[in-house]
Amino acid sequence: MTGSAKIYAGKAGLDGVLSGLALSPECQTGDVVTVSATGTSHDFAVLRRRWIVGATGNRLEITLDYPVRGR
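### Some thoughts on the pairing of strand β2 (residues 40-54)
(1) Moving on: Where strand β1 (residues 32-37) and β2 come together, six bridges link them in antiparallel fashion. Looking across to β2, one finds that V32 is bridged to A45.
(2) Moving on: Between β1 and β2, which pair antiparallel and follow one another directly, the connecting turn spans two residues, one of which, T38, has a positive phi of 55 degrees.
(3) Moving on: Both β2 and strand β3 (residues 57-65) contribute to a ladder of nine bridges, which runs antiparallel. Residue pairing for β3: G54 is matched across the bridge by G57.
(4) Moving on: What sits between the antiparallel neighbours β2 and β3 is a turn of two residues.

Quick look at the structure:
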């Protein structure tokens, strides 16, 4: 998450929900991810994707941003 997304998530009590979030590799830059928690919907944007490749395997890192811009 970006700094602004971390701040928002902390204030909204979403830290636990977002830390366990497993987004699909089908998520693309610019997609909006809506998290329903605490009786409210919270929108985050997929800011960037990065594949991390190593000897133990590959993993996709997806960076979420807040607020969603250009919507």
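Here the narrative resumes.
### Concerning the packing of aromatic side chains
(1) Moving on: With the rule as written, the count across this model stands at three aromatic pairs.
(2) Moving on: Here Y8 and F44 contribute two aromatic rings whose centre-to-centre distance is 5.9 Å and whose plane-to-plane angle is 65 degrees, an arrangement assigned as edge-to-face. Here Y8 is found in helix α1 (residues 3-12), whereas its partner F44 is found in strand β2, with 36 residues between them in sequence.
(3) Moving on: Owing to a relative accessible area of 21%, Y8 belongs among the partly exposed residues under this scheme.
(4) Moving on: Between F44 and Y66, the ring centres sit 5.8 Å apart and the planes meet at 55 degrees, which makes this aromatic pair tilted. Taken together, the residues F44 in strand β2 and Y66 in the segment after β3 connect sequence positions 22 residues apart.

Each value, and the rule that gives it
- Residues numbered from 1 in each chain as written.
- Predicted model: local features only at pLDDT ≥ 70, side-chain atom pairs only at ≥ 80, totals over all residues.
- Heavy atoms only, no water.
- Pairing = 2+ DSSP bridges.
- Helix = DSSP H or I, 4+ residues; strand = E, 2+ residues; numbered from the N terminus.
- Phe/Tyr/Trp six-rings, centres within 6.5 Å; stacked < 30°, edge-to-face > 60°.
- Buried < 20%, exposed > 50% of the residue type's maximum accessible area, 1.4 Å probe, protein only.

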